[in-house]
Amino acid sequence: VVGYTGCNSFQAQARLTHNENEVPQIAIGPIMSTKKGCIGAIDEQRFFQALESSSSLLLSNNRILLINEEGVIVLQGLIVD
């Protein structure tokens, strides 16, 4: 996984598997990022914690939803070509 928060670039390993019900599972981390200090930047630590807490994903209508073990959507994004 690679990305840009609007302030810092980051990368992490992502491992995709399926559980016994064929639900896609994901494990993300550890996350490495640049450490620029930016005024008005998003709360990167909270964003990174959400990424690392993801345990499953759902792809639907050009969206990706990352879901934690409690079934809560922690992040969502658009899939672009």
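A brief look at the structure comes next. None of the values given here were measured: they were computed from a predicted structure.

### Brief notes about the environment of N8
- Here N8 is to be found in the loop between β1 (2-4) and β2 (9-18).
- Sequence separation between N8 and E20 is 12 residues, and the spatial gap between their C-alpha atoms is 37 Å.
- Ignoring sequence-local partners within four residues, the contact set of N8 consists of G3, T34, K35, K36 and E44.
- A polar contact of 2.6 Å, which involves the side chain of N8, links it to the backbone nitrogen of K36.

### Considering the pairing of strand β4 (residues 54-60)
- Pairing of β4 with strand β5 (residues 63-68) involves 6 bridges; the strand directions are antiparallel. The partner of L58 across the bridge, within β5, is L65.
- A loop of 2 residues connects β4 with β5, the two strands running antiparallel in sequence, and N61 in this loop sits at a positive phi of about 50 degrees.

Rules used throughout
- Residues numbered from 1 in each chain as written.
- Predicted model: local features only at pLDDT ≥ 70, side-chain atom pairs only at ≥ 80, totals over all residues.
- Heavy atoms only, no water.
- Helix = DSSP H or I, 4+ residues; strand = E, 2+ residues; numbered from the N terminus.
- Contact = heavy atoms within 4.5 Å.
- Polar contact = N/O pair within 3.5 Å; in protein donor to acceptor, adjacent residues only side chain to side chain.
- Pairing = 2+ DSSP bridges.

Everything listed here is a matter of coordinates, which is why it stays silent on function.
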